[in-house]
Amino acid sequence: MNIFDIIGPIMIGPSSSHTAGVVRIAKITSKLLGETIVKAKVYFSGSFTTTYKGHGSDKAVMGGLLGYNADDIRIRDSKNEFIKRKTDISFDTEDLSEYHPNTVKIEVTGESGKRISVIGCSVGGGSILIRRINQYEVQFDATYNTLIIPHNDISGLIAFVARVIAEHQINIANMKVFRSERGGKAIMIIETDQLIGKEIINQLQSNSNIFEITYLEPIE
Amino acid sequence: MSNFDSIKDLVEIADQENVKLSDIILRLQAKELGISEEQLLERMRITYHEMVLSLENAVKNDKKSLSGLTGGDANKLFEAIKTKRSVLPEFISKIIARALATGELNACMGKIVAMPTAGACGIVPAVLLTVKEENSIDEDVALQGLITAGGIGLVIANKASISGAKGGCQAECGSAASMAAAAMTKMLGGTNEMVANAAALAMKNQLGLVCDPVAGLVEVPCIKRNVGGAMIAIAAAEMSLAGIKSVIPVDEVIWAMKNVGDQMSVNLKESAKGGLAATKTGKEITENFIKSY
């Protein structure tokens, strides 16, 4: 924790955990989809189920899906923007308490038919933890430069990724691999202090065992 | 071990070097963040201007909160001040109205700076900006006040808590009151020791305060508790600047806040199950609110 966690964050009220944190989870979901959203389904769990409207958590989700940051005043009108864009969105509740008392699941469908499902926890003060992406149980807080690399679970692939990153003098702060089944599909989460350039992403993407990569800069 | 584990230690370092507490906080935090002191100062200036803007918007705001429960109270007091119907000196009435206004802005999805939390976001701006205005204080000195408040808040966060769910309202409005008292004392020329005493005196007056939000919303009683925090802050600064000391040293007061928070029932820590949330009216509001879903 540093002085800007005490004098800050600058945010749209009323609640750092129920508003600002939710914007961040939704923004990451939208980045993972990487295309225009045509349909979204949101499931609130825990304390969200009774207070999400009063905390504007629904508008926070829509704001995040529109790509807004937690301090963007347009969050207040995000619902109108959804109506204007004719984006279909529904809100429901689901018990996801095994993750955290403040958890939300967001499922989005893009114009190409691509679908992404994210489970995120708002762990306090606007900080978040992403716990699931599609079928993968993951864990990252998006405070680093983060590469999300879905891939085939085959030998040598992790070494390939590490080598490409090292060749560009980027230091890996954390690296985690999560897989749904042995020899099936897996997902790699790489966190670095430095920014990761397009060149690196293109080089990684050229490997046929790697699916669509998502790159997140530290959340604001 | 963090450098921000003891206010006494920070004061000692500052006194030994014959500099202000805010200089030490600035230096240590710049190092922690891996940036220069100038860069930290510029980032803090951006936050400061957001705070100024947020207060301006708060004063103009006439919206009701999302739940419809709150809103419009600050305007009643601003109107009383304008028409000379308010009974307190204007300096104090203004702080009350501004603390309310920022709390109300937060409740209707306005842009605020959490200090240290969104629920307690009205205390530091109301005190700091009104003291600045009334005493024609330079922006750079106000920034030193904000940095002092940040350093005090950081020690409280490290040694106790700034979360209502962990420590009750004493951890949110109490921490904000300590921070505001420290900032005001610094801005009005208090010594480093006076800054520490002001923080202690403010926190002592908030010990035991429970977090009991009606329907779990950051509205009742949060908005009006920002007023209590701000009043305690200016009283603490007034006492400290006159040379009054806290018998219990500031770090021990912070320890006591944690100790009280740990002993507090979970019903009284943001769960909306005790205190005002559990009153007859509090429950009725909750039921009506849930029905509207």
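Each remark here, short or long, concerns the structure printed above.
Throughout what follows, the structure given in this document is the object of discussion. (Residues numbered from 1 in each chain as written. Chains lettered and ligands numbered in written order. Predicted model: local features only at pLDDT ≥ 70, side-chain atom pairs only at ≥ 80, totals over all residues. Heavy atoms only, no water.)

### Some thoughts on the overall build of chain B
Working step 1: In terms of regular secondary structure, chain B is built from 13 helices and 1 strand.
Working step 2: Across chain B, helices and strands are ordered from the amino to the carboxyl terminus as α-α-α-α-α-β-α-α-α-α-α-α-α-α.
Working step 3: A globule of 293 residues ought to have a C-alpha radius of gyration of about 19 Å, and chain B, at 19 Å, matches this closely.
Working step 4: Here the C-alpha coordinates of chain B stretch approximately 60 × 45 × 40 Å along the principal axes. (Helix = DSSP H or I, 4+ residues; strand = E, 2+ residues; numbered from the N terminus. Rg over C-alpha atoms; globule rule 2.2 N^0.38 Å.)

### Details of the sheet that holds strand E9 (residues 172-179) of chain A
Residue and element names in this part refer to chain A.
Working step 1: Read from one edge to the other, the open sheet built from 4 strands follows the order E9-E10-E8-E11, with strand pairing classed as antiparallel. If you trace the sheet from one side to the other, it starts and ends with E9 and strand E11 (214-216), each paired once. For this sheet, the mean inter-axis angle between neighbouring strands, taken without regard to orientation, is 15°.
Working step 2: Note that strand E8 (residues 145-152) and E11 share 3 bridges and pair antiparallel. From the neighbouring strand, Thr 146 faces E11, where its bridge partner is Leu 216.
Working step 3: Against the sheet, helix H2 (residues 16-33) engages E8 and E11, with an angle of about 145° to E11. (Pairing = 2+ DSSP bridges. Axes fitted to C-alpha atoms, helices over the stretch in contact; angles between N-to-C directions. Contact = heavy atoms within 4.5 Å.)

### A short note on the environment of Pro9(A)
Working step 1: You can see Pro9(A) is positioned in the loop between helix H1 (3-6) and strand E1 (10-12).
Working step 2: Beyond its immediate sequence surroundings of up to four residues, Pro9(A) is in contact with Phe4(A), Gly125(A), Ile112(B), Val113(B) and Ala114(B).

### Re the nonpolar core
Working step 1: One finds Leu65(A) and Leu128(B) to be the most contacted residues of the largest nonpolar core, which totals 135 residues.
Working step 2: Sorting elements by how many residues they give to this core places helix H9 (residues 169-187) of chain B first, with 12 residues.
Working step 3: The residues that make up this core include at least three from each of domain 1 (3-134) and domain 2 (145-216) of chain A.
Working step 4: Beyond its immediate chain neighbours, meaning those up to four positions away, Leu128(B) contacts Tyr48(B), Met51(B), Ala142(B), Gly145(B), Leu146(B), Ala183(B) and Met187(B).
Working step 5: Phe160(A), Ile165(A), Ile201(A) and Ile210(A) belong to the second largest nonpolar core, which has 17 residues in total. (Core = buried A, V, L, I, M, F, W, Y, C linked by side-chain atoms within 4.5 Å. Buried < 20%, exposed > 50% of the residue type's maximum accessible area, 1.4 Å probe, protein only. Domains from an automatic or database assignment.)

### Things to note about the pattern of salt bridges
Working step 1: Within the structure shown, the criterion is met by 26 salt bridges over all chains.
Working step 2: One salt bridge in this structure joins Asp72(A) and Arg74(A), with 2.7 Å as the shortest N-O distance.
Working step 3: Exposure remark for Asp72(A): the relative accessible area of 15% places this residue in the buried category.
Working step 4: In this structure Arg74(A) comes out as partly exposed when scored by relative accessible area, which is 45%.
Working step 5: Where Glu17(B) meets Arg27(B), a salt bridge forms, and the shortest distance between an N and an O atom there is 2.3 Å. Here Arg27(B) lies in helix H2 (residues 21-33) and Glu17(B) lies in helix H1 (residues 7-17), a separation of 10 residues in the sequence.
Working step 6: Taking relative accessible area as the criterion, Glu17(B) reaches 39% and is therefore assigned partly exposed.
Working step 7: Of the residues examined, Arg27(B) reaches a relative accessible area of 33% and is grouped as partly exposed. (Salt bridge = Lys/Arg side-chain N within 4 Å of Asp/Glu carboxyl O.)

### Things to note about the packing of helix H5 (residues 90-107) of chain B against helix H11 (residues 222-241) of chain B
Residue and element names in this part refer to chain B.
Working step 1: Between H5 and H11, the shortest axis-to-axis distance is 8 Å and the interhelical angle comes to 145°. Handedness of the crossing formed by H5 with H11: right-handed. Counting all contacts with H5, which are made through Ile 92, Ile 95, Ile 96, Ala 99, Leu 100, Gly 103, Glu 104 and Ala 107, the residues of H11 involved are Ile 223, Lys 224, Asn 226, Val 227, Ala 230, Met 231 and Ile 234.
Working step 2: Of the residues in the contact of H5 with H11, the class split is 11 nonpolar, 2 polar and 2 charged. (Left-handed = near helix turned anticlockwise from the far one by under 90°. Nonpolar A, V, L, I, M, F, W, Y, C, P; charged D, E, K, R; others polar.)

### Examining helix H10 (residues 192-204) of chain B
Residue and element names in this part refer to chain B.
Working step 1: Spanning 13 residues, H10 covers 19 Å between terminal C-alpha atoms, matching the ideal 18 Å at 1.5 Å per step.
Working step 2: For H10, the buried fraction is high: 10 of the 13 residues fall into the buried class.
Working step 3: Residues of H10 that are buried: Asn 192, Val 195, Ala 196, Asn 197, Ala 198, Ala 199, Ala 200, Leu 201, Ala 202 and Met 203.
Working step 4: The inward-facing, buried residues of H10 abut H1, H2, helix H7 (139-159), H9, H11 and helix H12 (250-263). (Expected span 1.5 Å × (residues − 1).)

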